[in-house]
Amino acid sequence: MAKREKRHTNHSGYFAASVLLLAFALQGFLPMVSVLAASDPLTETQTQSRQQEQIRDLRQQDQLQQLQRDQQLNNLQQELQSRPMDNRDSRSQQQLDQNQRKLDQLKNDQRLDRLQTEQQLNQMEREQNRSRQQEQIRDLQRQQQMNLLQDQQRQFQIQRGR
């Protein structure tokens, strides 16, 4: 029985040493945490600046893409209007009218996309939660890419006369 009690005492000694070692480790760790917490406002300001810059870049990228889309639509409009009118039968005239309606719809959809994008960008600028703002930036980038691809596909279909 005496051996068992002695063994039990040794384990409690190990436990006490582990607790002391942990306390010393935490003592060295706590000043580091306070230093990191003190630098947090600087990091927050830098993050905010980066995100505002990303929003400005997104706005500029969107404006450039819109200009390119407008140019493509104008070219397509000119192409549709330049087709000879004298030898059009009723079927080709119907096809031309249908293509013109599709082009008009595409223009309207792009106007709507512009307004929605501008609204999202304004909302992002007002967003206080930085992680939510970053998520909105990524979502808008994906949405812009999808819109661009869809517009290109629709323009191609109009050009082919479908």
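Cut-offs applied
Residues numbered from 1 in each chain as written. Predicted model: local features only at pLDDT ≥ 70, side-chain atom pairs only at ≥ 80, totals over all residues. Heavy atoms only, no water. Axes fitted to C-alpha atoms, helices over the stretch in contact; angles between N-to-C directions. Helix = DSSP H or I, 4+ residues; strand = E, 2+ residues; numbered from the N terminus. Parallel < 35°, antiparallel > 145°, perpendicular 65-115°, else oblique. Core = buried A, V, L, I, M, F, W, Y, C linked by side-chain atoms within 4.5 Å. Buried < 20%, exposed > 50% of the residue type's maximum accessible area, 1.4 Å probe, protein only. Contact = heavy atoms within 4.5 Å. Expected span 1.5 Å × (residues − 1). Salt bridge = Lys/Arg side-chain N within 4 Å of Asp/Glu carboxyl O.

Running from N to C, helix α2 (residues 90-126) and helix α3 (residues 130-160) point in directions that differ by 170 degrees, and their axes come no closer than 11 Å. Relative to α3, the element α2 is oriented roughly antiparallel.

This part is about the nonpolar core. Leu-73, Leu-76, Leu-80, Leu-96, Leu-103, Leu-106 and Ile-158 together form the largest nonpolar core, which totals 7 residues. Every element with two or more residues in this core is listed here: α1 (2-81) and α2. In this view, Ile-158 contacts Leu-76, Leu-80, Asn-99, Lys-102, Leu-103 and Leu-106; residues no more than four positions away in its chain are not counted. In terms of nonpolar packing, the next biggest core, distinct from the first, is built from 6 residues, Ile-55, Leu-58, Met-124 and Leu-140 among them.

With that settled, the discussion passes to α3. The end-to-end C-alpha distance of α3 is 45 Å, a good match for the 45 Å that 31 residues give at a rise of 1.5 Å each. Listing the buried residues of α3 in full gives Arg-130, Gln-133, Gln-134, Gln-136, Ile-137, Leu-140, Gln-144, Asn-147, Leu-148, Asp-151, Gln-155 and Ile-158. At the C-terminal side of α3, Gly-161 shows a positive phi close to 85 degrees.

Counting across every chain of the model gives 7 salt bridges. Between Glu-125 and Arg-59 there is a salt bridge, with its nearest N and O atoms 3.1 Å apart. One end of the pair, Glu-125, is in helix α2; the other, Arg-59, is in helix α1, with 66 residues separating them in the sequence. Judged by relative accessible area, which is 36%, Glu-125 ranks as partly exposed. A salt bridge links Glu-135 to Arg-132; the shortest N-O distance between them is 3.3 Å. Pair noted here: Glu-135 and Arg-132 are both in helix α3, with a separation of 3 residues, about one helical turn.

Attention shifts here to the environment of Gln-54. On the secondary structure map, Gln-54 appears in helix α1. Residue classification places Gln-54 among the partly exposed positions, given a relative accessible area of 30%. Residues Gln-54 and Gln-134, spaced 80 residues apart in sequence, show a C-alpha to C-alpha distance of 9.0 Å. Once residues lying within four places of it in the same chain are set aside, the contact partners of Gln-54 are Gln-134 and Ile-137.

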